[in-house]
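The primary structure of each chain is shown beneath.
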Amino acid sequence: MNTVTRPRILVVGAGFAGVECMRRLERMLSPDEADLTLVTPFSYQLYLPLLPQVASGVLTPQSIALSLRRSKKYRTRIIPGGAIGVDLRSKVCVIRTITDEIVNQPYDYIVLTPGSVTRTFDIPGLTDHAFGMKTLAEAAYIRDHVISQLDLADASHDPAERASRLQFVVVGGGYAGTETAACLQRLTHAAVKRYPRLDPGLIKWHLIDIAPKLMPELGERLGRSAQEVLTRRGIEISLGVSIEKAGPTEVTFTDGRVVPTRTLIWTAGVVASPLIATLGAETVKGRLAVTSNMCLPGHDGVFALGDAAAVPDEAKGDGAVCPPTAQHALRQGRQVADNVIATLRNQPMRPYHHKDLGLVVDLGGTDAVSKPLGLELKGLPAQAVARGYHFAALRTNVAKTRVMTNWLLNAVAGDDFVRTGFQARKPAKLHDFEYTDAYLTPDQVRAHVEEAGLAVR
(Lines give C-alpha, C1' and ligand atoms only; values in the text may rest on other atoms or scores of the structure.)
Protein backbone atom coordinates (compact mmCIF):
# COMPACT_ATOMS: atom_id res chain seq x y z
CA MET A 1 0.00 0.00 0.00
CA ASN A 2 1.29 3.49 -0.79
CA THR A 3 1.04 6.63 1.29
CA VAL A 4 -2.01 7.96 -0.54
CA THR A 5 -4.20 4.94 0.11
CA ARG A 6 -3.19 4.21 3.70
CA PRO A 7 -6.06 4.77 6.15
CA ARG A 8 -5.65 7.94 8.21
CA ILE A 9 -6.27 7.47 11.95
CA LEU A 10 -6.63 10.66 13.95
CA VAL A 11 -6.57 10.65 17.77
CA VAL A 12 -7.78 13.84 19.48
CA GLY A 13 -6.33 14.37 22.95
CA ALA A 14 -3.27 13.09 24.82
CA GLY A 15 -4.79 12.14 28.15
CA PHE A 16 -4.85 8.65 29.59
CA ALA A 17 -7.28 7.33 26.97
CA GLY A 18 -5.70 9.01 23.94
CA VAL A 19 -2.11 8.09 24.72
CA GLU A 20 -2.95 4.51 25.64
CA CYS A 21 -4.86 4.16 22.36
CA MET A 22 -2.07 5.68 20.27
CA ARG A 23 0.65 3.60 21.91
CA ARG A 24 -1.28 0.40 21.22
CA LEU A 25 -1.90 1.40 17.62
CA GLU A 26 1.82 2.00 17.19
CA ARG A 27 2.64 -1.41 18.62
CA MET A 28 -0.05 -3.43 16.83
CA LEU A 29 -0.13 -1.81 13.37
CA SER A 30 2.72 -2.01 10.89
CA PRO A 31 3.80 1.32 9.33
CA ASP A 32 2.20 0.45 5.99
CA GLU A 33 -1.22 -0.33 7.53
CA ALA A 34 -2.15 3.22 8.60
CA ASP A 35 -0.97 6.80 9.10
CA LEU A 36 -1.23 7.90 12.74
CA THR A 37 -1.82 11.51 13.82
CA LEU A 38 -2.30 12.90 17.32
CA VAL A 39 -3.75 16.32 18.14
CA THR A 40 -2.54 17.78 21.44
CA PRO A 41 -1.26 21.20 22.61
CA PHE A 42 1.66 19.56 24.44
CA SER A 43 3.81 16.58 23.49
CA TYR A 44 3.38 14.95 26.89
CA GLN A 45 0.80 12.97 28.81
CA LEU A 46 -0.12 14.63 32.10
CA TYR A 47 -0.50 12.26 35.05
CA LEU A 48 -3.44 14.24 36.42
CA PRO A 49 -3.94 12.45 39.81
CA LEU A 50 -0.62 13.80 41.08
CA LEU A 51 -1.27 17.46 40.24
CA PRO A 52 -1.92 18.40 43.91
CA GLN A 53 1.56 17.13 44.77
CA VAL A 54 3.03 19.42 42.09
CA ALA A 55 1.08 22.34 43.51
CA SER A 56 2.43 21.57 46.98
CA GLY A 57 6.02 21.08 45.77
CA VAL A 58 6.31 17.39 46.64
CA LEU A 59 6.83 16.63 42.95
CA THR A 60 8.41 18.71 40.20
CA PRO A 61 6.24 19.51 37.15
CA GLN A 62 8.46 17.50 34.81
CA SER A 63 8.05 14.35 36.88
CA ILE A 64 4.36 13.95 35.92
CA ALA A 65 4.68 15.20 32.32
CA LEU A 66 5.42 11.98 30.42
CA SER A 67 7.04 12.65 27.03
CA LEU A 68 5.22 11.25 24.01
CA ARG A 69 8.45 11.03 22.04
CA ARG A 70 10.28 8.51 24.23
CA SER A 71 8.61 5.40 22.83
CA LYS A 72 10.82 3.09 20.78
CA LYS A 73 7.84 2.54 18.48
CA TYR A 74 7.24 6.30 18.15
CA ARG A 75 6.10 7.19 14.63
CA THR A 76 3.00 9.29 15.24
CA ARG A 77 2.72 12.73 13.70
CA ILE A 78 1.83 15.23 16.43
CA ILE A 79 -0.10 18.38 15.55
CA PRO A 80 0.56 20.91 18.36
CA GLY A 81 -2.86 22.38 19.00
CA GLY A 82 -6.42 21.63 19.99
CA ALA A 83 -9.39 20.38 18.00
CA ILE A 84 -12.09 23.09 17.93
CA GLY A 85 -14.62 21.36 15.68
CA VAL A 86 -15.38 18.12 13.82
CA ASP A 87 -17.44 17.74 10.64
CA LEU A 88 -18.53 14.11 10.88
CA ARG A 89 -20.13 14.10 7.43
CA SER A 90 -17.01 15.33 5.61
CA LYS A 91 -14.61 13.54 7.98
CA VAL A 92 -12.63 16.68 8.72
CA CYS A 93 -11.30 17.85 12.09
CA VAL A 94 -10.73 21.59 12.47
CA ILE A 95 -7.64 22.32 14.59
CA ARG A 96 -6.30 25.53 16.08
CA THR A 97 -2.52 25.22 16.48
CA ILE A 98 -0.57 26.79 19.32
CA THR A 99 0.26 29.67 16.93
CA ASP A 100 -3.49 30.23 16.25
CA GLU A 101 -3.29 28.81 12.72
CA ILE A 102 -6.46 26.98 11.64
CA VAL A 103 -5.76 23.54 10.12
CA ASN A 104 -8.25 21.21 8.42
CA GLN A 105 -7.24 17.61 9.10
CA PRO A 106 -9.04 14.94 7.04
CA TYR A 107 -9.34 11.46 8.54
CA ASP A 108 -10.73 8.02 7.83
CA TYR A 109 -10.98 7.00 11.48
CA ILE A 110 -11.17 9.40 14.41
CA VAL A 111 -10.75 8.60 18.10
CA LEU A 112 -12.19 11.37 20.25
CA THR A 113 -10.51 11.65 23.66
CA PRO A 114 -10.57 15.43 24.26
CA GLY A 115 -11.11 14.90 27.98
CA SER A 116 -12.89 17.39 30.19
CA VAL A 117 -12.71 20.96 31.40
CA THR A 118 -13.45 22.48 34.78
CA ARG A 119 -17.19 22.79 35.41
CA THR A 120 -18.15 26.34 36.31
CA PHE A 121 -21.45 28.02 37.12
CA ASP A 122 -22.85 31.48 36.60
CA ILE A 123 -21.40 32.80 39.85
CA PRO A 124 -20.41 36.49 39.81
CA GLY A 125 -16.62 36.86 39.70
CA LEU A 126 -15.86 33.14 39.64
CA THR A 127 -13.88 32.85 36.40
CA ASP A 128 -12.19 36.20 36.99
CA HIS A 129 -10.94 35.47 40.50
CA ALA A 130 -10.70 31.68 40.95
CA PHE A 131 -7.87 29.29 40.11
CA GLY A 132 -8.42 25.85 38.61
CA MET A 133 -6.52 22.62 39.16
CA LYS A 134 -6.74 20.89 35.78
CA THR A 135 -3.47 21.65 33.99
CA LEU A 136 0.23 21.49 34.80
CA ALA A 137 0.51 25.26 34.35
CA GLU A 138 -2.28 25.83 36.87
CA ALA A 139 -0.64 23.59 39.48
CA ALA A 140 2.73 25.32 39.10
CA TYR A 141 1.05 28.72 39.14
CA ILE A 142 -0.94 27.96 42.31
CA ARG A 143 2.24 26.92 44.12
CA ASP A 144 3.84 30.26 43.23
CA HIS A 145 0.70 32.11 44.24
CA VAL A 146 0.36 30.43 47.65
CA ILE A 147 4.01 31.05 48.54
CA SER A 148 3.73 34.64 47.33
CA GLN A 149 0.80 35.17 49.73
CA LEU A 150 3.08 34.21 52.61
CA ASP A 151 5.79 36.56 51.30
CA LEU A 152 3.37 39.46 50.89
CA ALA A 153 1.67 38.85 54.24
CA ASP A 154 5.07 38.82 55.94
CA ALA A 155 5.96 42.16 54.33
CA SER A 156 2.60 43.82 55.00
CA HIS A 157 1.87 46.21 57.88
CA ASP A 158 -1.90 46.13 57.24
CA PRO A 159 -3.69 43.56 59.45
CA ALA A 160 -6.65 43.35 57.05
CA GLU A 161 -4.40 42.64 54.07
CA ARG A 162 -2.41 40.12 56.06
CA ALA A 163 -5.59 38.29 57.11
CA SER A 164 -6.89 38.07 53.54
CA ARG A 165 -3.59 36.75 52.22
CA LEU A 166 -3.42 34.03 54.87
CA GLN A 167 -6.90 32.58 54.25
CA PHE A 168 -7.38 30.05 51.46
CA VAL A 169 -10.61 28.63 50.05
CA VAL A 170 -10.95 25.38 48.07
CA VAL A 171 -14.34 24.60 46.51
CA GLY A 172 -15.08 20.95 45.76
CA GLY A 173 -15.16 17.98 48.12
CA GLY A 174 -14.25 15.36 45.53
CA TYR A 175 -10.84 13.80 45.07
CA ALA A 176 -9.25 16.80 43.38
CA GLY A 177 -10.47 19.32 45.93
CA THR A 178 -9.78 17.18 48.98
CA GLU A 179 -6.24 16.29 47.88
CA THR A 180 -5.54 19.89 46.83
CA ALA A 181 -6.62 21.28 50.20
CA ALA A 182 -4.73 18.55 52.08
CA CYS A 183 -1.48 18.98 50.17
CA LEU A 184 -1.47 22.78 50.12
CA GLN A 185 -2.32 22.98 53.81
CA ARG A 186 0.77 20.89 54.50
CA LEU A 187 2.76 23.30 52.32
CA THR A 188 1.70 26.40 54.27
CA HIS A 189 2.02 24.61 57.63
CA ALA A 190 5.66 23.77 56.86
CA ALA A 191 6.48 27.06 55.13
CA VAL A 192 5.24 29.36 57.90
CA LYS A 193 8.10 28.13 60.09
CA ARG A 194 10.40 30.14 57.79
CA TYR A 195 8.42 33.32 58.48
CA PRO A 196 9.04 34.28 62.13
CA ARG A 197 6.91 37.46 61.79
CA LEU A 198 3.81 35.49 60.83
CA ASP A 199 1.45 33.99 63.38
CA PRO A 200 0.71 30.40 62.25
CA GLY A 201 -2.75 30.76 63.77
CA LEU A 202 -3.67 33.31 61.10
CA ILE A 203 -3.34 30.73 58.33
CA LYS A 204 -6.76 29.24 57.65
CA TRP A 205 -7.86 26.75 55.00
CA HIS A 206 -11.50 26.31 54.05
CA LEU A 207 -12.82 23.30 52.09
CA ILE A 208 -16.42 23.68 51.00
CA ASP A 209 -18.80 21.59 48.92
CA ILE A 210 -22.50 21.75 48.13
CA ALA A 211 -22.79 17.97 48.69
CA PRO A 212 -23.73 16.64 52.15
CA LYS A 213 -20.69 14.33 52.34
CA LEU A 214 -17.01 14.48 51.55
CA MET A 215 -16.04 12.05 48.74
CA PRO A 216 -19.22 9.96 48.98
CA GLU A 217 -17.75 7.36 46.58
CA LEU A 218 -15.46 6.21 49.40
CA GLY A 219 -18.35 5.21 51.62
CA GLU A 220 -19.46 6.48 55.01
CA ARG A 221 -16.53 5.28 57.13
CA LEU A 222 -13.61 6.26 54.88
CA GLY A 223 -15.20 9.57 53.98
CA ARG A 224 -15.53 10.34 57.67
CA SER A 225 -11.90 9.29 58.28
CA ALA A 226 -10.67 11.67 55.57
CA GLN A 227 -12.75 14.46 57.07
CA GLU A 228 -11.31 13.79 60.53
CA VAL A 229 -7.74 13.96 59.17
CA LEU A 230 -8.37 17.32 57.52
CA THR A 231 -10.18 18.73 60.55
CA ARG A 232 -7.34 17.63 62.82
CA ARG A 233 -4.95 19.61 60.62
CA GLY A 234 -7.06 22.73 61.06
CA ILE A 235 -8.90 22.73 57.72
CA GLU A 236 -12.41 24.06 58.19
CA ILE A 237 -14.84 21.87 56.22
CA SER A 238 -18.27 23.24 55.29
CA LEU A 239 -20.72 20.90 53.53
CA GLY A 240 -23.97 21.97 51.88
CA VAL A 241 -22.25 25.27 51.08
CA SER A 242 -20.98 26.85 47.86
CA ILE A 243 -19.88 30.26 46.57
CA GLU A 244 -22.38 33.08 46.08
CA LYS A 245 -19.89 35.55 44.61
CA ALA A 246 -16.14 36.04 44.36
CA GLY A 247 -14.08 39.19 44.46
CA PRO A 248 -10.37 40.05 44.38
CA THR A 249 -10.03 40.18 48.18
CA GLU A 250 -13.02 38.26 49.55
CA VAL A 251 -15.43 35.41 48.84
CA THR A 252 -19.07 35.23 49.91
CA PHE A 253 -20.45 31.79 50.80
CA THR A 254 -24.07 30.79 50.18
CA ASP A 255 -24.62 30.61 53.94
CA GLY A 256 -23.87 34.33 54.20
CA ARG A 257 -20.31 34.17 55.49
CA VAL A 258 -17.80 36.55 53.94
CA VAL A 259 -14.23 35.24 53.99
CA PRO A 260 -11.37 37.65 53.26
CA THR A 261 -9.06 35.80 50.87
CA ARG A 262 -6.85 36.28 47.81
CA THR A 263 -6.91 32.54 47.01
CA LEU A 264 -10.00 30.78 45.67
CA ILE A 265 -9.32 27.35 44.14
CA TRP A 266 -12.26 25.90 42.19
CA THR A 267 -12.35 22.10 41.78
CA ALA A 268 -16.12 21.54 41.78
CA GLY A 269 -16.27 18.87 39.11
CA VAL A 270 -15.65 18.61 35.38
CA VAL A 271 -17.69 18.54 32.18
CA ALA A 272 -16.90 17.06 28.79
CA SER A 273 -14.74 19.12 26.46
CA PRO A 274 -16.70 21.77 24.50
CA LEU A 275 -15.50 19.94 21.38
CA ILE A 276 -18.32 17.42 21.89
CA ALA A 277 -20.93 20.14 21.33
CA THR A 278 -19.51 20.85 17.85
CA LEU A 279 -20.50 17.38 16.59
CA GLY A 280 -24.24 17.91 16.81
CA ALA A 281 -24.60 14.33 18.10
CA GLU A 282 -26.60 12.88 20.99
CA THR A 283 -25.13 13.39 24.46
CA VAL A 284 -25.72 12.08 27.96
CA LYS A 285 -25.20 14.86 30.53
CA GLY A 286 -22.81 16.53 28.10
CA ARG A 287 -20.85 13.36 27.28
CA LEU A 288 -21.09 11.82 23.82
CA ALA A 289 -23.51 8.89 23.69
CA VAL A 290 -21.64 5.84 22.37
CA THR A 291 -22.16 2.09 22.20
CA SER A 292 -20.37 -0.44 24.39
CA ASN A 293 -17.84 -0.75 21.52
CA MET A 294 -17.24 3.01 22.01
CA CYS A 295 -18.51 3.75 18.50
CA LEU A 296 -20.69 6.75 17.67
CA PRO A 297 -23.98 5.36 16.32
CA GLY A 298 -24.67 6.29 12.69
CA HIS A 299 -21.11 7.34 11.92
CA ASP A 300 -18.61 4.79 10.65
CA GLY A 301 -15.06 5.18 11.89
CA VAL A 302 -15.90 7.48 14.81
CA PHE A 303 -14.90 6.34 18.30
CA ALA A 304 -15.17 8.26 21.59
CA LEU A 305 -14.05 7.41 25.11
CA GLY A 306 -12.71 8.79 28.37
CA ASP A 307 -14.19 11.83 30.13
CA ALA A 308 -15.91 13.06 26.96
CA ALA A 309 -17.94 9.90 26.27
CA ALA A 310 -20.77 8.17 28.12
CA VAL A 311 -19.40 4.64 27.75
CA PRO A 312 -21.88 2.03 29.03
CA ASP A 313 -20.60 0.33 32.18
CA GLU A 314 -21.28 -3.32 31.34
CA ALA A 315 -19.92 -4.44 34.73
CA LYS A 316 -22.62 -2.51 36.61
CA GLY A 317 -25.43 -2.71 34.07
CA ASP A 318 -28.80 -0.97 34.62
CA GLY A 319 -27.88 1.78 32.18
CA ALA A 320 -24.84 2.92 34.17
CA VAL A 321 -22.00 4.72 32.41
CA CYS A 322 -18.31 4.55 33.29
CA PRO A 323 -17.10 7.30 35.64
CA PRO A 324 -14.49 9.73 34.28
CA THR A 325 -11.48 8.14 35.99
CA ALA A 326 -7.97 7.28 34.82
CA GLN A 327 -8.62 3.64 35.63
CA HIS A 328 -11.37 3.41 33.00
CA ALA A 329 -9.67 5.75 30.51
CA LEU A 330 -6.54 3.60 30.31
CA ARG A 331 -8.48 0.42 29.64
CA GLN A 332 -10.87 2.10 27.24
CA GLY A 333 -7.88 3.40 25.28
CA ARG A 334 -6.52 -0.10 24.79
CA GLN A 335 -9.96 -1.48 23.86
CA VAL A 336 -10.64 1.25 21.31
CA ALA A 337 -7.26 0.66 19.69
CA ASP A 338 -8.16 -3.02 19.34
CA ASN A 339 -11.55 -2.08 17.88
CA VAL A 340 -10.00 0.32 15.36
CA ILE A 341 -7.58 -2.41 14.29
CA ALA A 342 -10.43 -4.93 14.07
CA THR A 343 -12.34 -2.53 11.81
CA LEU A 344 -9.29 -2.08 9.59
CA ARG A 345 -8.86 -5.83 9.30
CA ASN A 346 -12.59 -6.62 8.90
CA GLN A 347 -12.74 -8.42 12.23
CA PRO A 348 -15.45 -8.18 14.92
CA MET A 349 -15.15 -5.52 17.62
CA ARG A 350 -15.41 -6.26 21.34
CA PRO A 351 -17.40 -4.28 23.92
CA TYR A 352 -15.68 -2.57 26.83
CA HIS A 353 -16.03 -4.34 30.17
CA HIS A 354 -14.11 -3.55 33.34
CA LYS A 355 -14.93 -3.97 37.01
CA ASP A 356 -13.80 -1.01 39.09
CA LEU A 357 -10.70 -1.85 41.16
CA GLY A 358 -11.23 0.77 43.83
CA LEU A 359 -10.11 4.27 44.78
CA VAL A 360 -7.11 5.91 46.44
CA VAL A 361 -6.85 9.35 48.05
CA ASP A 362 -3.43 10.69 49.07
CA LEU A 363 -3.73 13.32 51.82
CA GLY A 364 0.02 13.89 52.11
CA GLY A 365 2.59 12.62 54.56
CA THR A 366 1.42 9.34 56.07
CA ASP A 367 -2.25 10.26 55.72
CA ALA A 368 -4.42 8.59 53.09
CA VAL A 369 -7.62 6.64 52.59
CA SER A 370 -7.91 3.84 50.04
CA LYS A 371 -10.46 1.30 48.95
CA PRO A 372 -8.67 -1.30 46.78
CA LEU A 373 -11.01 -4.11 45.67
CA GLY A 374 -13.51 -3.04 48.33
CA LEU A 375 -11.01 -3.25 51.22
CA GLU A 376 -11.13 -0.11 53.36
CA LEU A 377 -7.73 1.22 54.47
CA LYS A 378 -6.51 4.39 56.13
CA GLY A 379 -3.25 5.82 57.41
CA LEU A 380 0.11 4.37 56.40
CA PRO A 381 -1.27 1.18 54.75
CA ALA A 382 -3.60 3.31 52.63
CA GLN A 383 -0.72 5.64 51.74
CA ALA A 384 1.40 2.66 50.63
CA VAL A 385 -1.45 1.47 48.40
CA ALA A 386 -2.07 4.96 46.99
CA ARG A 387 1.53 5.65 46.09
CA GLY A 388 2.07 2.10 44.91
CA TYR A 389 -0.88 2.49 42.56
CA HIS A 390 0.40 5.79 41.16
CA PHE A 391 3.91 4.40 40.77
CA ALA A 392 2.63 1.40 38.84
CA ALA A 393 0.33 3.52 36.65
CA LEU A 394 3.11 5.84 35.47
CA ARG A 395 3.79 4.87 31.88
CA THR A 396 7.59 5.17 31.65
CA ASN A 397 10.48 4.05 33.84
CA VAL A 398 11.92 7.57 33.63
CA ALA A 399 8.71 8.98 35.15
CA LYS A 400 8.68 6.29 37.84
CA THR A 401 12.28 7.15 38.77
CA ARG A 402 11.61 10.89 38.88
CA VAL A 403 8.50 10.52 41.03
CA MET A 404 10.12 8.08 43.46
CA THR A 405 13.19 10.31 43.75
CA ASN A 406 11.01 13.34 44.43
CA TRP A 407 9.05 11.48 47.10
CA LEU A 408 12.22 10.34 48.85
CA LEU A 409 13.93 13.73 48.60
CA ASN A 410 10.87 15.54 49.93
CA ALA A 411 10.53 13.09 52.83
CA VAL A 412 14.18 13.51 53.80
CA ALA A 413 15.01 17.14 52.97
CA GLY A 414 11.63 18.88 52.88
CA ASP A 415 10.87 21.88 50.67
CA ASP A 416 12.76 25.13 50.01
CA PHE A 417 9.50 27.00 49.24
CA VAL A 418 10.98 28.70 46.21
CA ARG A 419 8.81 30.60 43.75
CA THR A 420 9.68 30.13 40.10
CA GLY A 421 8.54 33.53 38.84
CA PHE A 422 5.05 33.01 37.45
CA GLN A 423 3.87 35.86 39.67
CA ALA A 424 6.19 38.28 37.85
CA ARG A 425 3.56 38.76 35.10
CA LYS A 426 -0.11 39.65 35.24
CA PRO A 427 -2.30 37.37 37.37
CA ALA A 428 -3.79 34.38 35.54
CA LYS A 429 -7.04 32.85 36.70
CA LEU A 430 -9.43 30.06 35.72
CA HIS A 431 -10.47 31.54 32.37
CA ASP A 432 -6.87 32.05 31.26
CA PHE A 433 -5.81 28.38 31.22
CA GLU A 434 -8.48 26.21 29.59
CA TYR A 435 -9.46 28.31 26.51
CA THR A 436 -13.10 27.19 26.62
CA ASP A 437 -14.11 30.09 24.34
CA ALA A 438 -11.99 28.81 21.42
CA TYR A 439 -14.47 26.26 20.07
CA LEU A 440 -16.73 26.58 17.03
CA THR A 441 -20.44 25.89 16.77
CA PRO A 442 -21.59 23.03 14.47
CA ASP A 443 -22.68 25.61 11.86
CA GLN A 444 -19.30 27.37 12.04
CA VAL A 445 -17.50 24.04 11.60
CA ARG A 446 -19.60 23.22 8.55
CA ALA A 447 -19.08 26.68 7.04
CA HIS A 448 -15.35 26.51 7.60
CA VAL A 449 -15.04 23.07 5.99
CA GLU A 450 -17.16 24.20 3.02
CA GLU A 451 -15.00 27.29 2.59
CA ALA A 452 -11.93 25.06 2.47
CA GLY A 453 -13.58 22.93 -0.25
CA LEU A 454 -13.56 19.75 1.88
CA ALA A 455 -17.27 19.41 2.55
CA VAL A 456 -19.26 16.36 1.47
CA ARG A 457 -22.69 17.33 0.14
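On a predicted model such as this, the values are computed, not experimentally measured, just so you know. (Residues numbered from 1 in each chain as written. Predicted model: local features only at pLDDT ≥ 70, side-chain atom pairs only at ≥ 80, totals over all residues. Heavy atoms only, no water.)

## Concerning the overall build of the protein chain
Counting its secondary structure elements, the protein chain contains 11 helices and 25 strands. Radius of gyration (C-alpha) of the protein chain: 23 Å, near the 23 Å computed for a compact globule of 457 residues. With respect to the principal axes defined by its C-alpha atoms, the protein chain has extents near 70 × 45 × 40 Å. Sorting the 457 residues of the protein chain into buried and exposed places 51% on the buried side. Taking all contacts inside the protein chain whose residues are at least 6 apart in sequence as the whole, residues at least 24 apart take part in 68%. Accessible surface, the protein chain as shown: approximately 20,500 Å² in total, 54% of it carbon and sulfur. A gap of 6 Å separates the mean positions of the 52 positive and 46 negative side-chain charges of the protein chain. (Helix = DSSP H or I, 4+ residues; strand = E, 2+ residues; numbered from the N terminus. Rg over C-alpha atoms; globule rule 2.2 N^0.38 Å. Buried < 20%, exposed > 50% of the residue type's maximum accessible area, 1.4 Å probe, protein only. Contact = heavy atoms within 4.5 Å. Areas by Shrake-Rupley, 256 points an atom, 1.4 Å probe, with all protein chains shown as cover. Lys, Arg positive; Asp, Glu negative; His and termini not counted. Charge placed at Lys NZ, Arg CZ, Asp CG, Glu CD.)

## What to know about helix α8 (residues 326-344)
For an α-helix, the turn length of 3.6 residues means that residues three or four places apart are oriented alike. Spanning 19 residues, α8 covers 27 Å between terminal C-alpha atoms, matching the ideal 27 Å at 1.5 Å per step. The positive-phi residue at the C-terminal boundary of α8 is Asn-346, with phi of around 55°. (Expected span 1.5 Å × (residues − 1).)

## Looking at the sheet that holds strand β23 (residues 358-362)
Taken in spatial order, the three strands of this open sheet run β23-β24-β25, and their pairing is antiparallel. The open sheet is flanked by β23 and β25 (377-378), the only strands paired with a single partner. Pairing of β23 with strand β24 (residues 368-372) involves five bridges; the strand directions are antiparallel. Counted as the bridge partner of Leu-359 is Lys-371 from β24. With respect to the sheet, helix α7 (residues 220-232) is in contact with β24 and β25, its orientation differing from that of β24 by roughly 165°. (Pairing = 2+ DSSP bridges. Axes fitted to C-alpha atoms, helices over the stretch in contact; angles between N-to-C directions.)

## Looking at the side chain of Asp-307
Looking at the secondary structure, you find Asp-307 in the loop between β21 (302-304) and β22 (309-310). We note that Asp-307 is buried and unpaired, the nearest opposite charge coming from Lys-134 at a distance of 4.7 Å. When neighbours within four sequence positions are excluded, Asp-307 is seen to be in contact with Gly-115, Ser-116, Ala-272, Arg-287, Pro-324 and Thr-325. (Salt bridge = Lys/Arg side-chain N within 4 Å of Asp/Glu carboxyl O.)

## Some details on the packing of helix α4 (residues 136-155) against helix α6 (residues 175-191)
One can describe the packing of α4 onto α6 by two numbers: an axis separation of 11 Å at closest approach and a directional angle of 35°. For the crossing formed where α4 meets α6, the hand is right-handed. Seen from α4, the contacting residues are Ile-142, Arg-143, Val-146 and Leu-150; seen from α6, they are Leu-184, Leu-187, Thr-188 and Ala-191. Of the residues contributing to the contact of α4 with α6, the split by class is six nonpolar, one polar and one charged. (Left-handed = near helix turned anticlockwise from the far one by under 90°. Nonpolar A, V, L, I, M, F, W, Y, C, P; charged D, E, K, R; others polar.)

## A word on the packing of aromatic side chains
Applying the stated rule across the entire model yields five aromatic pairs. Both rings, one in Phe-131 and one in Tyr-141, keep their centres 5.8 Å apart while their planes meet at 40°; by these two values the pair is tilted. With Phe-131 in strand β10 (residues 130-131) and Tyr-141 in helix α4, this residue pair connects regions lying 10 residues apart in the sequence. Taken individually, Phe-131 and Tyr-141 each receive the classification buried, so the pair is uniform in this respect. Centroid distance Phe-168 to Trp-205: 4.5 Å. Interplanar angle 15°. Geometry classified as stacked. Remark: Trp-205 occurs in strand β12 (residues 204-209) and Phe-168 occurs in strand β11 (residues 167-171); sequence separation between them is 37 residues. Note on accessibility: Phe-168 and Trp-205 belong to one class, buried. (Phe/Tyr/Trp six-rings, centres within 6.5 Å; stacked < 30°, edge-to-face > 60°.)

## Observations regarding the packing of helix α1 (residues 16-28) against α8
Contact geometry of α1 with α8 gives a least axis separation of 7 Å together with a crossing angle of 35°. In this structure, α1 crosses over α8, and the sense of that crossing is right-handed. Facing α1, whose interface residues are Phe-16, Ala-17, Glu-20, Cys-21, Arg-24, Leu-25 and Met-28, α8 presents Ala-326, Ala-329, Leu-330, Gly-333, Arg-334, Val-336, Ala-337, Asp-338, Val-340 and Ile-341. In terms of residue class, the contact of α1 with α8 is built from 12 nonpolar, one polar and four charged.

## Thoughts on the sheet that holds β21
Across the sheet, seven strands lie side by side as β7-β6-β5-β2-β1-β8-β21; this open sheet has mixed pairing. Edge positions in the open sheet fall to β7 (102-106) and β21, since each of these has one partner strand only. The sheet shows a mean angle of 35° between the axes of neighbouring strands, taken without regard to direction. Looking at chain direction, strand β8 (residues 109-112) and β21 are connected through three bridges and run parallel. Bridge pairing links Ile-110 to Val-302 in β21.

Shape is all these values report; function is a separate question.
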